[in-house]
Structures are given as structure tokens and as C-alpha cells.
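# Architecture at a glance
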Amino acid sequence: MSHVDVIVIAAMEEEITPFLHRATEVSEPQRIGNAIHRRGLISGVQALLVQGGIGLANAASAATSALVHRQC
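My aim in this report is to walk through the structure given alongside it, one point at a time. (Residues numbered from 1 in each chain as written. Predicted model: local features only at pLDDT ≥ 70, side-chain atom pairs only at ≥ 80, totals over all residues. Heavy atoms only, no water.)

### Observations regarding the overall build of the protein chain
- The secondary structure content of the protein chain amounts to two helices and four strands.
- For the protein chain, the N- to C-terminal ordering of α and β elements is β-α-β-β-β-α.
- On C-alpha atoms alone, the protein chain measures out to a radius of gyration of 11 Å, which is about the 11 Å that the 2.2 N^0.38 rule sets for 72 residues.
- Seen through its principal axes, the protein chain has C-alpha atoms that stretch 30 × 25 × 20 Å.
- Looking at the 72 residues of the protein chain, the share that counts as buried comes to 35%.
- Restricting the contact set of the protein chain to residue pairs at least 6 apart, pairs at least 24 apart contribute 52%.
- Counting only carbon and sulfur atoms, one obtains 57% of the accessible surface of the protein chain, whose full area is about 4,500 Å².
- Within the protein chain, the 6 negative side-chain charges are centred at a point lying 6 Å from the centre of the 5 positive side-chain charges. (Helix = DSSP H or I, 4+ residues; strand = E, 2+ residues; numbered from the N terminus. Rg over C-alpha atoms; globule rule 2.2 N^0.38 Å. Buried < 20%, exposed > 50% of the residue type's maximum accessible area, 1.4 Å probe, protein only. Contact = heavy atoms within 4.5 Å. Areas by Shrake-Rupley, 256 points an atom, 1.4 Å probe, with all protein chains shown as cover. Lys, Arg positive; Asp, Glu negative; His and termini not counted. Charge placed at Lys NZ, Arg CZ, Asp CG, Glu CD.)

### Structural notes on the nonpolar core
- Among the nonpolar cores identified, the biggest contains eight residues, and these are V8, A10, I16, L20, A23, I42, A47 and L49.
- Among the secondary structure elements, those contributing two or more residues to this core are strand 1 (6-10), helix 1 (13-22) and strand 4 (45-51).
- Ignoring anything within four residues of it in the chain, the contact list for A23 reads G40, L41 and I42.
- Counting residues in each nonpolar core, the second largest holds six residues, with A35, V50, A62 and A66 among its members. (Core = buried A, V, L, I, M, F, W, Y, C linked by side-chain atoms within 4.5 Å.)

### Points about the environment of V50
- One can find V50 in strand 4.
- By relative accessible area, V50 is classed as buried at 0%.
- When the C-alpha positions of V50 and R22 are compared, they lie 15 Å apart, and in sequence the two are 28 residues distant.
- When neighbours within four sequence positions are excluded, V50 is seen to be in contact with I7, V8, I9, A10, I16, A35, I36, H37, A62 and A66.

Next up, the structure:
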């Protein structure tokens, strides 16, 4: 996989959907813990789009999984 220039983390599907609509070359969703990861290209920028779920614990878990798996 290629590098990631930016990580976008959102709690709910409604929050991540606008990024997914704007992105091209969107990967299949990959579940890591409670988070759903997708990679995409937005305006020439490699993005990791993470839907983490509601709440502080889910946000912390989503951020951790994004940082750990951004190079995978």
C-alpha cells in the first residue's frame, strides 16, 4: 500500500459519507477493531478515511488504529 497524507476520522456514517463521495479510487472497507477503514484519493491527496463510532473510547480506538495501520 502507499503512504497516507491525511487521516480523516468521523464517528458516524453520515459524517464520513461526504468524504467518500468526493474520493476516487476508494478501497474496500476494512474493519479494524470497531473502526472501518477505507483509503481514497481526494484532490490528489492520499487519505485514510476512518469511521470510528460514537464516544470517547471509540474515538481513541479509531485514532490509534489509524496511526498504527496507516502504512499497511
